[in-house]
Amino acid sequence: MCTVRQKLLVLALLVLAFLGPHIARGASIGITNADYDSQIQQLNNDDFDEKIKTGTWLVFFGAKTCPHCRQLTPKWLEAQNWIADTVAPKKFFMAKVECTKNENLCESQQLVGYPTLKLFHNGAYVEEYLGSLDVEAMVTYISNKASYYNPATSRTSTTSEANLNISSGVYTDPSKFAAASVSAEVAHLSAWASKFIETKENVNPTGEVVALTDASFDKTTVVKPWFVMFHAPWCPHCQHLAPIWEQLGSSVKGRVNIGKVDCTRETKLCKEHDIRGYPTLKFFDESGVIDFDGQRALDELVEFASQLTTITPFSAIDGASYTAMAASNPTAFFYIYDPATTLRSAVDSMIKVALSVRSKTTFFLAPTSGYPAPSLLRTVDTGRFTHRYAFPLELTPESRQAANKWILRHRFPLTFEVSSDNGDEIMSGERVVVLGIVDEKGVDRMRSVLSEAARKWIEFNNPMHTGGAQGSLQLESNEVLFGWIRADLWGTFLSSTYGISSSAAPMLIIADPKVELFYDADSLGKAFIIDAEAIPGYINMATRGVLKGKSSAGFIKRMGLQIHDTVAPVWQIMQAHSFVLILLAVVCGYMSCSLYSAWKGSNNNPYSRVPKAD
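Sequence order as written defines residue numbering, which begins from 1 separately in each chain. Local features in this predicted model are restricted to residues whose pLDDT is 70 or higher, and side-chain atom pairs enter the listing and the counts only when it is 80 or higher, whereas totals over whole chains, interfaces and linings include all residues. As a convention, hydrogens and water are excluded, and side-chain values are obtained from all of the structure's heavy atoms.

## A look at the overall build of the chain
- What counts as a helix is a DSSP run of H or I of at least four residues, what counts as a strand is a run of E of at least two, and both are numbered from the N terminus. On a plain count of helices and strands, the chain comes out with 21 helices and 21 strands.
- Out of the 614 residues belonging to the chain, those deemed buried represent 47%.
- A contact between two residues is defined here by any heavy atoms of the two lying within 4.5 Å. Long-range contacts, defined here as pairs at least 24 residues apart, represent 75% of the contacts in the chain between residues at least 6 apart.
- Accessible area of the chain: about 30,700 Å², with a carbon and sulfur share of 55%. Only protein chains enter the accessibility calculation, which uses a 1.4 Å probe; a residue is then buried when its area is under 20% of its type maximum, exposed when over 50%, and partly exposed in between. The Shrake-Rupley method, run with a 1.4 Å probe sphere, supplies the accessible areas, and residue values consider only the shown protein chains as cover.

Written out as structure tokens, the structure reads:
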């Protein structure tokens, strides 16, 4: 007979077997894909042709056994909810086909793999969506397609409130509306921006670091700007930074006040400023608080403080200057509006957004007489590509936060070096990264190849969407990043994460940090060649599951994910048949106890520690 302890052990093993996959993925057990699917419009063998013959449809063909489909399903629902209010009047619809239940329909679509997203208009197949599968990219694609196929139903209005809340359905070149003078508005904005770089009296007159306390903080920091270190004396990183922070005080004498707060003593003050680690560096000025997340070297700290006190948070231009400004910046952001029809509070709201990203971006406010509706645009590759913010621009903090997030996400240029400043965000983020691994001598060639490959990838994913200055291409999706990394500087990282030696440079990999996979070979097992023509094909195969990825996760997590991928299909079947699950658990428990009892009591057990009776 099994003891109570043995029965509990069997029960624990059963619970671990069934819950382990969810724990490995960090998934929520409370919300399943079935819950999401119940809220998503479903098409099947019987109604597919009838439904899609009217309007424009983006259809997600998937299978519940496909891990990528399960990841996409909640995002699909989020995008569907967005278009229900914003795009539905344009007769644009989203739906899903579950191919395990509609095999004939999916076979007729000649699907290569799952998930596959296809666009149909009035019953006719248009194209396959090959962009990023994140919500923002899909929404941008949907918004552009809805306006393209149903331009007459685009929401327009002559009222200020409509101009405030709805971005124009299609991209409009500001330079075409530059006839009327907006010089007064430009002058007003320029004067406002210059206030942030005015030299003030009594700012860091001695070049010393000031110790701030809960009692003195508010009164002392009235005269801004202040750059403050929140620290703890026992923290090794704080101890290393301490002498550098003292040098910083003298380096920015007369320009920026330098302070420090001991969080072991000023716990209330540190809690108020949401300090969660040491050291935390914050810059305080009239615009608010800006966190410093760069390298804590003296040169970088001085540059950060100097930029915030010598460069205006935004530049004011008119629509006629848009083309030149876009062409002179690798990446830039433009808020374009008609001052005659746009509420002043809307402009002030966007200024707050510009202030929140001032240390990381180049931002322009471009008043343009006659412009149809306020729009937030991003230009990249010196104006060659234009990316329009697809969500409403409203006066709420939530809307400003969403715009801030979009700007920071898309602030990177066409190609860039992966360094200590951006490495954590890039290599631990959600976007696919084409990563060129080079030594010092190979940087120029790799940059050139990646730049051309990036252009080809963007053009491949955004066909027939030209517009803007000098025929620039309007982006729908730019979710693949292109960068290079110095193997001679980052050999340890490359070796520990990808198992790549620094001597392997130059080479190319495609990393997908979200699922902790990377790819370094084509479907024939041959190493990627560093060629601009070939790279878009590699990306397409990697993101569509054609290539076999290698894990960049640690050993323990890698084993957990392997167990998950093995158990997940069985678990899904059991979820659908709860009676089978219960029966199997009972049978397994009974058999385990019986086998253990038989083994322990067997006379033939050579390992038994209980002597046989005479």
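Let's pick the thread back up.
## Concerning the pairing of strand S18 (residues 481–486)
- With six of six residues buried, S18 lies mostly within the body of the structure.
- Across two bridges, the pairing between strand S15 (residues 416–417) and S18 is parallel. Residue pairing in the sheet places phenylalanine 416 in a bridge with glycine 483 of S18. Two strands make a pair as long as DSSP finds a minimum of two bridges between them.

## What about the pattern of salt bridges?
- Salt bridge, as used here: a side-chain nitrogen of Lys or Arg that lies within 4 Å of a carboxyl oxygen of Asp or Glu. The final tally for this structure, using the stated rule, is 19 salt bridges.
- Between glutamate 185 and arginine 344 there is a salt bridge; the shortest N-O distance is 2.7 Å. On the criterion of sequence distance, the pair formed by glutamate 185 in helix H8 (residues 183–194) and arginine 344 in helix H14 (residues 344–356) is long-range, its members being 159 residues apart.
- By relative accessible area, which is 11% here, glutamate 185 ends up buried.
- With a relative accessible area of 36%, arginine 344 lands in the partly exposed category.
- Of the charged contacts, one joins arginine 455 and glutamate 452 as a salt bridge, the two residues approaching to 3.3 Å between their closest N and O atoms. Placement of the pair is arginine 455 and glutamate 452 together in helix H17 (residues 443–461), with a separation of three residues, close to one helical turn.
- Among the ionic contacts, a cluster of salt bridges with common partners joins Asp381, Glu452, Arg455, Lys456 and Glu533.

## Comments concerning the pairing of strand S9 (residues 288–292)
- Direction of pairing for strand S8 (residues 280–285) relative to S9: antiparallel, over a ladder of five bridges. Note on S9: the bridge partner recorded for phenylalanine 283 is isoleucine 290.
- In this structure, the hairpin formed by S8 and S9 is closed by a connection of two residues.

## Quick word on the nonpolar core
- Only buried residues count toward a nonpolar core. Its members are Ala, Val, Leu, Ile, Met, Phe, Trp, Tyr and Cys residues joined through side-chain atoms within 4.5 Å. If you look at the biggest cluster of nonpolar residues, it comprises 51 residues, and the most contacted ones within it are Leu58 and Phe363.
- Non-local contacts of phenylalanine 363, meaning those with residues more than four positions away in its chain, are made with Pro313, Phe314, Ser315, Phe333, Tyr335, Met350, Ala354, Val357, Leu376 and Ile407.
- Ranked by size, the runner-up nonpolar core spans 29 residues in total, among them Val443, Ile458, Phe482 and Leu547.

## As for H8
- Expected span, for any helix, means 1.5 Å times one less than how many residues it has. Compared with the 16 Å implied by 1.5 Å per residue over 12 residues, the 16 Å span of H8 between its first and last C-alpha is a close match.
- Those residues of H8 that sit buried are Glu185, Val186, Leu189 and Ala193. Buried residues in H8, looked at end-on, bunch into an arc of 100 degrees, giving them a common side.
- For H8, the secondary structure elements touched by its buried residues are strand S10 (315–316), strand S11 (331–337), H14 and strand S12 (363–367). An arc is given here, and it is the one of the directions from the helix axis to the C-beta atoms.

## Overview of the packing of helix H10 (residues 236–251) against helix H12 (residues 298–310)
- For every element, the axis is a line fit to its C-alpha atoms; helices are fit only across the contacting stretch, and the angle between N-to-C directions ranges from 0 to 180 degrees. It is the contact of H10 with H12, at a shortest axis distance of 10 Å, that shows an interaxial angle of 40 degrees. One element, H10, and the other, H12, form an angle in the oblique class. For H10 against H12, the interelement crossing comes out right-handed. Between H10 and H12, the residues in contact are Leu241, Ile244, Trp245, Gln247, Leu248 and Ser251 and Leu298, Leu301 and Val302, respectively.
- Split into classes, the residues belonging to the contact of H10 with H12 amount to seven nonpolar, two polar and no charged. Comment on the angle field: the value is read as roughly parallel under 35 degrees, roughly antiparallel over 145, roughly perpendicular from 65 to 115, and oblique elsewhere. Crossing handedness is defined as follows: a turn of the near helix away from the far one that is anticlockwise and smaller than a right angle gives a left-handed crossing, while the clockwise case is right-handed. Following the grouping adopted for this structure description, the nonpolar residues are Ala, Val, Leu, Ile, Met, Phe, Trp, Tyr, Cys and Pro, the charged ones are Asp, Glu, Lys and Arg, and the polar ones are all others, Gly among them.

## So, the sheet that holds strand S2 (residues 92–98)
- Here we have four strands laid out as an open sheet, ordered S2-S1-S3-S4, and mixed in their pairing. Looking at strand neighbours, the two that pair on one side only are S2 and strand S4 (124–129), the edges of this open sheet. Along the sheet, successive strands turn relative to each other by an average axial angle of 25 degrees, direction set aside.
- Pairing between strand S1 (residues 56–62) and strand S3 (residues 116–121): six bridges, direction antiparallel. Counted as the bridge partner of phenylalanine 61 is threonine 116 from S3.

## Observations concerning the sheet that holds S8
- Reading across from one edge, S5-S7-S6-S8-S9 is the order of the five strands in this open sheet, with mixed pairing throughout. Sheet topology places strand S5 (209–211) and S9 at the edges, where each strand pairs with a single neighbour. Across the sheet, the axes of successive neighbouring strands diverge by a mean angle of 30 degrees, strand direction being ignored.
- Pairing between S5 and strand S7 (residues 257–262): three bridges, direction parallel.

## Some words on the side chain of glutamate 98
- Its location among the elements puts glutamate 98 in strand S2.
- Charged residues are defined narrowly, with Lys and Arg counted positive, Asp and Glu counted negative, and His plus the chain ends left uncounted. Buried within the structure, glutamate 98 lacks any salt-bridge partner; its nearest side chain of opposite charge belongs to lysine 96, at an N-O separation of 4.6 Å.
- When sequence neighbours within four positions are dropped, the list of residues in contact with glutamate 98 reads Gln42, Gly62, Ala63 and Lys64.

## Some points on unusual backbone geometry
- Cis peptide bonds are those with omega within 30 degrees of zero, and the linkage from lysine 224 to proline 225 qualifies with 15 degrees.
- You can see proline 225 is positioned in the loop between helix H9 (217–220) and strand S6 (226–231).
- Here the amide bond leading from tyrosine 278 into proline 279 is cis, since omega sits at -15 degrees, within 30 degrees of zero.
- Within the secondary structure layout, proline 279 lies in the loop between helix H11 (267–272) and S8.
- Notably, glutamine 110 is not glycine yet its phi reads approximately 55 degrees, a positive angle.
- Within the secondary structure layout, glutamine 110 lies in the loop between helix H5 (103–108) and S3.
- The class for glutamine 110 is exposed, based on a relative accessible area of 68%.

## A word on the packing of aromatic side chains
- By convention, a stacked pair of Phe, Tyr or Trp rings (six-membered ring in the case of Trp) has centres within 6.5 Å and planes under 30 degrees apart, an edge-to-face pair has planes over 60 apart, and any other such pair is tilted. Under the counting rule described, the total for this entry stands at 23 aromatic pairs.
- Relative to phenylalanine 364, the ring of phenylalanine 334 lies with its centre 4.9 Å away and its plane at 10 degrees, an arrangement referred to as stacked. A residue pair is termed long-range when its members are at least 10 positions apart, and phenylalanine 334 in strand S11 and phenylalanine 364 in strand S12 qualify at 30 residues.
- The exposure class of phenylalanine 334 is buried, given its relative accessible area of 0%.
- Measuring from ring centre to ring centre gives 5.9 Å for phenylalanine 493 and tyrosine 498, while their planes differ by 90 degrees; the resulting arrangement is edge-to-face.
- Among the residues examined, tyrosine 498 registers a relative accessible area of 8% and is labelled buried.
- Among the aromatic residues, those joined into a ring-pair cluster are Phe227, Trp245, Phe283, Phe292 and Phe304.
- Between lysine 118 and the ring centre of tyrosine 125, over which it is positioned, the NZ or CZ distance is 5.1 Å. Here, over-ring charges are defined by two tests on the NZ atom of lysine or the CZ atom of arginine: distance to the ring centre within 6 Å, and angle to the ring normal within 35 degrees.

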